[in-house]
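# Understanding the architecture of this molecule
Single-letter residue listing:
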Amino acid sequence: MLKKILLALVIMTVVCPERGDAQKHNEQVIDEGTIHSDNNKLIASPGTLDFGECNEGDVIERDFRIYNKTGETVTIRSASPSCGCVTTLLQGNTIQPQSYIDIGMHFETQGRWGKRINCIIIQHSLIDEPPLRVNLVGYVRPLIKITPDIVYFEKVKPGQSYTKDVRVESEVLNDINIAHVKNSFNEITTELLETRDGVSYLRVTIMPRENSGFHSAQLGVVFDNPKITESVIIVKWQIFQHIVAAPGSILVVIPSEPSTIKRNVILKATDDVPFEILGTECNLSGLQVQYEKKIRSVEHEINLLFQPITFNSDMIDFMLKFRSDHPESEFVTVPILLYRSGDDT
């Protein structure tokens, strides 16, 4: 009898697996260590396509699968990438229960560099299930590296020139040659300097003409090598204003019924140099400028009175100039836009 009991225990030990082994048998590792049991789900595997590192211009191709763990036939309606640089190819759009289909992914890296985080959204016919998401991640080494790619000139003065050099190099190509620089801005000139150790240097010079405001321009760097796409350099500059107006511009809505409209402008010296307003220049009839003369003050408040004004177009814009005795700022300009009210239409 004792021998029979021992034999039964040995058989149970051999035939019955541990609970953990049985659980592993019924489950499937899908993505990044996430375990999905057979629980009536639609599953994408892998959930993340990590292509690691590549060079700009390389073509990345990967496949993933959509598993149908439900008891019904599922239709894949679309697999939409978040970027136009990625395309997908469905190898069929109907998945039978307990089956799968493969979806191909094609990633064009030309012009797409740096850390990439794209996704593919899979729409399907299951009403109670959300769309599936497959991520595409990795790093694309740029063919061209421009330092800095945003050239910023701060507090510049009109009529004076300012220069900064830009470094153009490649971590991938041994030889790069700049063909020319696209530039449609009169305030900006560029000059190609020497090339040393595979690094080209480009000089950017600006000579501002406007006497106020913040300005931005875009330059296109074109290379001899057809594999290199046109690179962009952003040039920004800010005019230093010794006297600023607040608000910087004025909008006046002219009502259908004639009435006087009042606006206020404050002129203030940013460098704390006292100044006096000597007068105004304006070519608009019907505008009265009133201000209390303050000798050598750093801040002046001006009242603008727009008398009943008639004009033919729906809107007109003009410049109101304040003349001062500030040693660095003879004129302060305030743009004004007159807009006709639509009440009478």
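The rules behind the values
Residues numbered from 1 in each chain as written. Predicted model: local features only at pLDDT ≥ 70, side-chain atom pairs only at ≥ 80, totals over all residues. Heavy atoms only, no water. Disulfide = S-S within 2.5 Å. Buried < 20%, exposed > 50% of the residue type's maximum accessible area, 1.4 Å probe, protein only. Core = buried A, V, L, I, M, F, W, Y, C linked by side-chain atoms within 4.5 Å. Helix = DSSP H or I, 4+ residues; strand = E, 2+ residues; numbered from the N terminus. pLDDT = per-residue confidence, 0-100. Contact = heavy atoms within 4.5 Å. Pairing = 2+ DSSP bridges. Axes fitted to C-alpha atoms, helices over the stretch in contact; angles between N-to-C directions.

### A few points about the state of the cysteines
Here the structure, examined in full by the defined rule, presents one disulfide. Between the sulfur atoms of Cys-83 and its disulfide partner Cys-85 the distance amounts to 2.5 Å. Between Cys-83 and Cys-85, the S-S torsion sits near 130 degrees, and that sign places the bridge as right-handed. With respect to burial, Cys-83 and Cys-85 carry one shared label: buried.

### Quick notes on the nonpolar core
Judged by nonpolar contacts, the single largest core of 26 residues is most densely connected at Phe-64, Ile-66, Met-105, Phe-107, Ile-120 and Ile-122. Of all elements in the fold, only β3 (42-45), β4 (48-55), β5 (59-68), β6 (74-81), β9 (99-108), β10 (114-124) and β11 (132-141) reach the threshold of two or more residues within this core.

### Observations concerning the confidence of the model for the chain
Averaged over all residues, the pLDDT of the chain is 81; the fraction at 70 or higher stands at 85%. Low pLDDT, under 50, characterises residues 1-39; the predicted model gives this stretch 24 contacts beyond four residues in sequence or across chains.

### Quick look at the side chain of Glu-276
Position of Glu-276 among the secondary structure elements: in the loop between β22 (261-269) and β23 (277-281). Overall, the relative accessible area of 16% leaves Glu-276 in the buried class. Those residues in contact with Glu-276 that sit more than four places away from it in its chain are Lys-294, Ile-295, Arg-296, His-300, Arg-323, Ser-324 and Asp-325.

### With respect to the pairing of β6
The sheet contact formed by β6 and strand β8 (residues 94-95) spans two bridges and is antiparallel. Note on β8: the bridge partner recorded for Thr-75 is Thr-94. In terms of strand pairing, β6 meets β10 through five bridges, oriented antiparallel. Paired with Ile-76 across the bridge in β10 is His-124.

### Details of the environment of Gly-138
Looking at where Gly-138 falls in the secondary structure, it is placed in strand β11. Taking the relative accessible area as the measure of exposure, Gly-138 reaches 13% and is therefore buried. Considering only alpha carbons, one finds Gly-138 and Ile-117, 21 residues apart in sequence, at a separation of 7.1 Å. Aside from chain neighbours lying at most four places away, what touches Gly-138 is Asp-50, Phe-51, Gly-52, Gly-114, Lys-115 and Arg-116.

### Re the sheet that holds strand β16 (residues 188-196)
The sheet built from four strands is open, its strands ordered β12-β14-β17-β16 with antiparallel pairing. Pairing within the sheet leaves two strands with one partner each, and these edge strands are β12 (145-147) and β16. Averaged over all pairs of adjacent strands, the angle between strand axes in this sheet comes to 25 degrees, irrespective of strand direction. Pairing of strand β14 (residues 162-169) with strand β17 (residues 199-206), which is carried by seven bridges, proceeds in the antiparallel orientation.

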